[in-house]
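# Working through the structure, step by step
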Amino acid sequence: CVDAVRDTDGIDEVVAVDGATYDGDADVLVLAAIDEELLVARPFVDVDPALWERVWEGSMHAMVASLQSVFPGMRDRGWGRVVVVTPTASMSGAAGLAPLCAVVEAQRVLAKSTARQWGAHGITVNCLAPGEPGSAGALAPPALTGPADVGGVLRFLVSDASAHLTGATLCVDGGVWMAP
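Residues numbered from 1 in each chain as written. Predicted model: local features only at pLDDT ≥ 70, side-chain atom pairs only at ≥ 80, totals over all residues. Heavy atoms only, no water.

## Comments concerning the pattern of salt bridges
- Per the counting criterion, the structure on display carries four salt bridges.
- Ionic pairing is found between R54 and E37, a salt bridge with its closest N-O pair at 3.1 Å. One end of the pair, R54, is in helix α1 (residues 49-77); the other, E37, is in the loop between β3 (28-31) and α1, and 17 residues separate them in sequence.
- On the basis of relative accessibility, which here comes to 42%, the residue R54 falls in the partly exposed class. (Salt bridge = Lys/Arg side-chain N within 4 Å of Asp/Glu carboxyl O. Helix = DSSP H or I, 4+ residues; strand = E, 2+ residues; numbered from the N terminus. Buried < 20%, exposed > 50% of the residue type's maximum accessible area, 1.4 Å probe, protein only.)

Structure below.
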């Protein structure tokens, strides 16, 4: 899923883009480049090289192509927001989801490296990690109860209020994953 915003007045103006990559001009890019096959739990010994290459290449290509497509416009305007949606399962190494964990961690590192490179152009790149308590990667019960306001955190990340937050992963999981 790739969403792009050309108008920074609000997240309500997000345009859903069909396809694996976004190829266009945007002020905001919200990217969830995860091949659905990565969500299928399986023993790591059953992950054959063809499956590994397909899910790795597909997910990483979608992210790289989407990032590269929005950079020129964001650079020229001196402002841009990129939010990469990544599941928290990768942070704990969820059993049965080794390919997912590897791809997501690669995407998080790519987001950090891109954030460091693009910061001088007024572009922030962050990861948003919504969690699901009780999921395969949950380490503990959540500290907070009730529904998570993932949309509120997303609105913050694409706003001017987040101008000095880049290269970060914000977990919106009720406190299941707490890192220093």
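## Points about the packing of aromatic side chains
- Summed over the entire model, instances satisfying the criterion amount to three aromatic pairs.
- Pairing F44 with W52 gives two aromatic rings, centres 6.4 Å apart and planes at 85°, and the pair type is edge-to-face.
- On the basis of relative accessibility, which here comes to 54%, the residue F44 falls in the exposed class.
- Here the aromatic cluster, defined as three or more aromatic residues joined through ring pairs, consists of F44, W52 and W56. (Phe/Tyr/Trp six-rings, centres within 6.5 Å; stacked < 30°, edge-to-face > 60°.)

## Here we look at the pairing of strand β4 (residues 80-85)
- With five of its six residues buried, β4 lies for the most part within the structure.
- As paired strands, β3 and β4 are joined by four bridges and run parallel to one another. When the sheet's bridge partners are listed, L31 is paired in β4 with V84.
- With α1 bridging β3 and the parallel β4, this β-α-β connection has right-handed handedness.
- Across six bridges, β4 lies against strand β5 (residues 123-130) in parallel orientation. Residue pairing across strands places V85 opposite L128, the latter belonging to β5. (Pairing = 2+ DSSP bridges. Right-handed = clockwise from strand over helix to strand, strands pointing away.)

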